[in-house]
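Overview (structure and organization)
The lines below spell out each chain.
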Amino acid sequence: MTVSSTLNPTPFGFISFDNNEQFHSTVREQLAQDIDVLFAYAKLPSPLVDACRYVMTGQGKLVRPLLVASAFVNVNDHSDKNVDNKFDTDTAVSDDLASLLENDSDYDMARRAALAVELLHTYSLVHDDLPCMDDDELRRGQPTAHIVFDEATALLAGDVLQTLAFEVLTAEMPTFAPFDTAIASQLIAIFAPRARRMVSGQMLDLNAEASDSITQTDLEAIHRDKTGALIEAAMLMGGICAGATAPQRMALQECAQHIGLAFQVQDDILDVTTSTDNLGKPAGSDEKLDKSTYVKFMGVDKATDYAQSLFNDGRAAIMRELSSSTDNIDTDNDALLALIEWLWSRKK
């Protein structure tokens, strides 16, 4: 494909938040465009590029890119430097807006961060589905990569997605403003250790399958790394791109730690309460593999109450920071709080 070398003047959707559905749609559309730009830039051979496109364009929830975007908007909307700098994404693009985007790379760094976390997450899913791991044949409502292609191609697709996750933070790609060195170094410092923690959590999870003595405390430690670490990275990276202060970063990290654990508790509940068609992956797989889950420890009702309390704690962390930075808290128009509500109500 041919990609224009000029900066896309349309805002990423990270400039203003009007409603959840519109915002999420804008982020997803931009991410899809950026995936095309990335693979045109990377020049991967077939069938590797075909496998990468296949797994990166499935019908995923895109929770982690949405967390980047929502954290970016949350911080951007509550920063003094942006009080008089609001834009309506429904209006025609003006020369002033195009000029802003050409001279301020914050938005494009957020685009890079959103792409990075989705690349890393998708790599983990591709490897997780392999015969040597969970040996799943369905992911995001479609056959898994090793079923459609072959095991070696799927393995290499995961490998290259992992490397691209870091490369996109500083790559000279069409439609992206030049990367900001200071922001990029901070993003890598946040991203790299949490990527390592994600892999460590996967190993701990495999170890747990062979153990009969796993406690709920052990389970939480596993999932704070396996699931929570990348969610933490996404929120912090979004905040960093918007110039988050130390208190704002602390609030984002606290929120992410609660949300990351809540997300896994939800997954365990949905695995036993939702059909394969709704989940987009095999329902009941945890029981089939005899995995330790929150449902196994607590039952569905208590696990649901626990997930709700974790979401409440995550919401409270953001609310405290908002109340300290503004006199008027409009929770209906806060992208991050709206995303938390969306996550709590998800059915897949």
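Residues numbered from 1 in each chain as written. Predicted model: local features only at pLDDT ≥ 70, side-chain atom pairs only at ≥ 80, totals over all residues. Heavy atoms only, no water.

**Points about the overall build of the protein**
Of the regular secondary structure elements, the protein holds 15 helices and 2 strands. When contacts within the protein are restricted to residue pairs at least 6 apart in sequence, those whose partners lie at least 24 apart make up 79%. When the accessible area of the protein is evaluated, it comes to approximately 15,100 Å², of which 50% is carbon and sulfur surface. (Helix = DSSP H or I, 4+ residues; strand = E, 2+ residues; numbered from the N terminus. Contact = heavy atoms within 4.5 Å. Areas by Shrake-Rupley, 256 points an atom, 1.4 Å probe, with all protein chains shown as cover.)

**A short note on the pattern of salt bridges**
Evaluated as defined, the whole model comprises 14 salt bridges. The residue K226 makes a salt bridge to D205 at a minimum N-O spacing of 2.8 Å. One end of the pair, K226, is in helix 9 (residues 216-226); the other, D205, is in helix 8 (residues 181-209), with 21 residues separating them in the sequence. Both residues of the pair, K226 and D205, belong to the buried class. Among the ionic pairs, E220 bridges to R224, the shortest N-O distance being 3.9 Å. A residue pair is termed a helical-turn pair when its members lie 3 or 4 positions apart in one helix, as E220 and R224 do in helix 9 at 4 residues. Exposure remark for E220: the relative accessible area of 14% places this residue in the buried category. Members of the salt-bridge network, linked through shared partners, are R194, R197, D225 and E232. (Salt bridge = Lys/Arg side-chain N within 4 Å of Asp/Glu carboxyl O. Buried < 20%, exposed > 50% of the residue type's maximum accessible area, 1.4 Å probe, protein only.)

**A few points about a negative patch on the surface**
Together, D135, E137, D150 and E151 line one region of the surface with negative charge. Topologically, D150 is positioned in the loop between helix 6 (145-148) and helix 7 (151-167). Using a relative accessible area of 36% as the deciding quantity, one classes D150 as partly exposed. (Patch = residues over 30% accessible without salt bridge, like charges linked within 9 Å, V, L, I, M, F, W, Y side chains within 5 Å. Lys, Arg positive; Asp, Glu negative; His and termini not counted. Charge placed at Lys NZ, Arg CZ, Asp CG, Glu CD.)

**Some points on the nonpolar core**
Core analysis: the biggest nonpolar cluster contains 94 residues, and F39, L119, L187, F191 and M237 have the highest contact counts within it. No other element matches helix 5 (residues 106-128), which puts 12 residues into this core. Not counting residues up to four positions away in its chain, the partners in contact with L187 are M109, A113, L169, M237, I240 and C241. (Core = buried A, V, L, I, M, F, W, Y, C linked by side-chain atoms within 4.5 Å.)

**Some details on the environment of Q308**
The topology assignment puts Q308 in helix 14 (residues 294-325). Looking at Q308, the relative accessible area reads 35%, which means it is partly exposed. Taking the C-alpha atoms as reference points, Q308 and W344, 36 residues apart in sequence, are found 7.4 Å from one another.

**Some remarks on the packing of aromatic side chains**
As enumerated under the stated definition, the model contains 5 aromatic pairs in all. Ring geometry for F166 against F191: centres 4.8 Å apart, planes inclined by 35°, an arrangement best described as tilted. With F166 in helix 7 and F191 in helix 8, this residue pair connects regions lying 25 residues apart in the sequence. Residue class for F191 comes out buried when judged on its relative accessible area of 0%. In this structure, R111 is placed above the aromatic ring of F176, and the distance from its NZ or CZ to the ring centre is 3.8 Å. In this structure, R346 is placed above the aromatic ring of F263, and the distance from its NZ or CZ to the ring centre is 3.9 Å. (Phe/Tyr/Trp six-rings, centres within 6.5 Å; stacked < 30°, edge-to-face > 60°. Lys NZ or Arg CZ within 6 Å of the ring centre and 35° of its normal.)

**Looking at the confidence of the model for the protein**
Chain-level statistics for the protein give a pLDDT mean of 84 and a share of 80% at 70 or above. Counting interchain partners and residues more than four positions distant, the pLDDT-below-50 stretch residues 1-15 has 58 contacts. Counting contacts from residues 82-103, a segment whose pLDDT is below 50, to residues more than four positions away or on other chains yields 27 contacts. (pLDDT = per-residue confidence, 0-100.)

**Comments concerning the environment of F23**
With respect to the helices, strands and loops of the structure, F23 is situated in helix 1 (residues 20-42). In this structure, the C-alpha to C-alpha distance between F23 and S70, residues 47 residues apart in sequence, is 9.0 Å.

**Let's talk about the side chain of D268**
As for its placement among the helices and strands, D268 is situated in helix 11 (residues 246-273). In this structure the side chain of D268 is engaged in a polar contact, spanning 3.0 Å, whose partner is the backbone nitrogen of Y294. (Polar contact = N/O pair within 3.5 Å; in protein donor to acceptor, adjacent residues only side chain to side chain.)

**As for the packing of helix 1 against helix 7**
In the contact formed by helix 1 and helix 7, the axes pass within 12 Å of each other and the chain directions differ by 105°. With respect to each other, helix 1 and helix 7 are oriented roughly perpendicular. Residue-level contacts link L38, F39, Y41 and A42 of helix 1 to L161, L164 and E167 of helix 7. Split into classes, the residues belonging to the contact of helix 1 with helix 7 amount to 6 nonpolar, no polar and 1 charged. (Axes fitted to C-alpha atoms, helices over the stretch in contact; angles between N-to-C directions. Parallel < 35°, antiparallel > 145°, perpendicular 65-115°, else oblique. Nonpolar A, V, L, I, M, F, W, Y, C, P; charged D, E, K, R; others polar.)

**Notes on unusual backbone geometry**
Looking along the chain, the bond that leaves S46 and enters P47 is cis, with omega of 0°. Mapped onto the secondary structure, P47 falls in the loop between helix 1 and helix 2 (48-56). Positioned with a positive phi, R140 is a non-glycine residue whose angle comes to about 55°. Within the secondary structure, R140 sits in the loop between strand 1 (138-139) and strand 2 (142-143). In this model, T175 sits at a positive phi of 75°, which is unusual for a non-glycine residue. Accessibility expressed as a relative area gives 12% for T175, which makes it buried.

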